[in-house]
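If you want the building blocks of each chain, they are given just below.
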Amino acid sequence: MNNTYSNALPSSFRYKNVLEKGKPVHDKYDSFSLKHPAMDLSRRAKIFSPFDALKGFDDELAKMQTDVTDNYLDDTIHIDEAP
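Residues numbered from 1 in each chain as written. Predicted model: local features only at pLDDT ≥ 70, side-chain atom pairs only at ≥ 80, totals over all residues. Heavy atoms only, no water.

Caption draft 1: Up close: the overall build of the chain. Per the secondary structure count, the chain includes 5 helices and 0 strands. For the chain, the sequential pattern of α-helices and β-strands runs α-α-α-α-α. Here the chain displays about 8600 Å² of accessible surface, and carbon together with sulfur accounts for 57% of that area. (Helix = DSSP H or I, 4+ residues; strand = E, 2+ residues; numbered from the N terminus. Areas by Shrake-Rupley, 256 points an atom, 1.4 Å probe, with all protein chains shown as cover.)

Caption draft 2: Main features of the side chain of S33. You can see S33 is positioned in helix α3 (residues 31–35). Residue S33 is classed as buried on the basis of its relative accessible area of 18%. Of the polar contacts made by the side chain of S33, one reaches the backbone oxygen of D27; its length is 2.8 Å. With residues near it in sequence (within four places) discarded, S33 still touches H26, D27 and K28. (Buried < 20%, exposed > 50% of the residue type's maximum accessible area, 1.4 Å probe, protein only. Polar contact = N/O pair within 3.5 Å; in protein donor to acceptor, adjacent residues only side chain to side chain. Contact = heavy atoms within 4.5 Å.)

Caption draft 3: Fine view of the layout of surface pockets. By volume, the largest pocket is sized at about 160 Å³. Surrounding the largest pocket, K23, P24, H26, K28, F32, S33, H36, P37 and A38 form its lining. Taken together, the residues of the lining of the largest pocket break down into 4 nonpolar, 3 polar and 2 charged. (1 Å grid on protein atoms, 1.4 Å probe; cavity = no way out; pocket = protein on both sides within 12 Å on 5 of 7 lines; lining within 4 Å. Points joined across faces, edges and corners; volume = space filled by probe spheres on them. Nonpolar A, V, L, I, M, F, W, Y, C, P; charged D, E, K, R; others polar.)

Caption draft 4: The arrangement of a negative patch on the surface in detail. Together, D52, D58, D59 and E60 make up a negatively charged patch on the protein surface. Considering the arrangement of structural elements, one finds D59 in helix α5 (residues 57–73). Judged by relative accessible area, D59 falls into the exposed class, the value being 59%. (Patch = residues over 30% accessible without salt bridge, like charges linked within 9 Å, V, L, I, M, F, W, Y side chains within 5 Å. Salt bridge = Lys/Arg side-chain N within 4 Å of Asp/Glu carboxyl O. Lys, Arg positive; Asp, Glu negative; His and termini not counted. Charge placed at Lys NZ, Arg CZ, Asp CG, Glu CD.)

Keep in mind these numbers describe shape, not what the thing actually does.
So, in C-alpha coordinates, the structure goes:
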(Lines give C-alpha, C1' and ligand atoms only; values in the text may rest on other atoms or scores of the structure.)
Protein backbone atom coordinates (compact mmCIF):
# COMPACT_ATOMS: atom_id res chain seq x y z
CA MET A 1 0.00 0.00 0.00
CA ASN A 2 1.05 3.56 -0.57
CA ASN A 3 2.59 5.07 2.58
CA THR A 4 0.90 8.38 1.81
CA TYR A 5 -2.42 6.94 2.96
CA SER A 6 -1.13 5.15 6.04
CA ASN A 7 0.71 8.28 7.21
CA ALA A 8 -2.37 10.44 6.69
CA LEU A 9 -4.67 8.13 8.64
CA PRO A 10 -5.06 8.63 12.38
CA SER A 11 -3.74 5.77 14.51
CA SER A 12 -7.29 5.23 15.81
CA PHE A 13 -8.65 4.56 12.28
CA ARG A 14 -10.71 1.41 12.70
CA TYR A 15 -9.94 -0.25 9.35
CA LYS A 16 -6.32 0.82 8.92
CA ASN A 17 -5.06 -2.78 8.80
CA VAL A 18 -7.61 -3.67 6.10
CA LEU A 19 -6.66 -0.62 4.04
CA GLU A 20 -2.96 -1.44 4.35
CA LYS A 21 -3.52 -4.93 2.93
CA GLY A 22 -4.72 -3.42 -0.34
CA LYS A 23 -6.70 -5.08 -3.08
CA PRO A 24 -6.50 -8.89 -3.13
CA VAL A 25 -4.59 -10.41 -6.03
CA HIS A 26 -5.74 -13.70 -7.54
CA ASP A 27 -4.18 -15.94 -10.13
CA LYS A 28 -6.06 -16.10 -13.40
CA TYR A 29 -7.02 -19.76 -12.96
CA ASP A 30 -7.41 -20.13 -9.19
CA SER A 31 -10.73 -21.33 -7.78
CA PHE A 32 -11.92 -17.83 -6.84
CA SER A 33 -11.22 -16.35 -10.27
CA LEU A 34 -12.96 -19.24 -11.99
CA LYS A 35 -16.09 -18.77 -9.85
CA HIS A 36 -15.99 -14.97 -10.01
CA PRO A 37 -14.51 -13.80 -13.33
CA ALA A 38 -13.58 -10.13 -13.64
CA MET A 39 -16.22 -7.94 -15.26
CA ASP A 40 -15.10 -5.79 -18.19
CA LEU A 41 -15.24 -2.04 -17.55
CA SER A 42 -17.89 -1.23 -20.17
CA ARG A 43 -20.31 -3.72 -18.62
CA ARG A 44 -19.51 -2.47 -15.13
CA ALA A 45 -20.17 1.12 -16.21
CA LYS A 46 -23.62 0.12 -17.49
CA ILE A 47 -24.55 -1.11 -14.03
CA PHE A 48 -23.99 2.28 -12.42
CA SER A 49 -25.11 4.56 -15.26
CA PRO A 50 -28.85 4.58 -14.38
CA PHE A 51 -28.08 5.38 -10.75
CA ASP A 52 -29.28 8.88 -9.83
CA ALA A 53 -27.92 9.78 -6.41
CA LEU A 54 -29.52 13.22 -6.42
CA LYS A 55 -33.04 12.75 -7.70
CA GLY A 56 -34.32 15.84 -9.48
CA PHE A 57 -30.87 17.47 -9.60
CA ASP A 58 -30.67 17.32 -13.41
CA ASP A 59 -34.13 18.89 -13.69
CA GLU A 60 -33.13 21.73 -11.37
CA LEU A 61 -29.94 22.34 -13.36
CA ALA A 62 -31.93 22.48 -16.59
CA LYS A 63 -34.41 24.91 -15.01
CA MET A 64 -31.58 27.11 -13.71
CA GLN A 65 -29.90 27.11 -17.12
CA THR A 66 -33.18 28.12 -18.76
CA ASP A 67 -33.69 30.97 -16.26
CA VAL A 68 -30.15 32.29 -16.75
CA THR A 69 -30.39 31.99 -20.53
CA ASP A 70 -33.72 33.83 -20.50
CA ASN A 71 -32.15 36.67 -18.53
CA TYR A 72 -29.43 37.11 -21.14
CA LEU A 73 -31.88 36.94 -24.02
CA ASP A 74 -34.38 39.34 -22.43
CA ASP A 75 -34.66 42.61 -24.37
CA THR A 76 -35.32 44.68 -21.24
CA ILE A 77 -31.76 44.28 -20.01
CA HIS A 78 -29.51 46.85 -21.65
CA ILE A 79 -25.83 47.23 -21.03
CA ASP A 80 -24.49 50.63 -21.95
CA GLU A 81 -21.22 50.69 -23.76
CA ALA A 82 -18.35 52.43 -22.06
CA PRO A 83 -17.50 55.82 -23.61
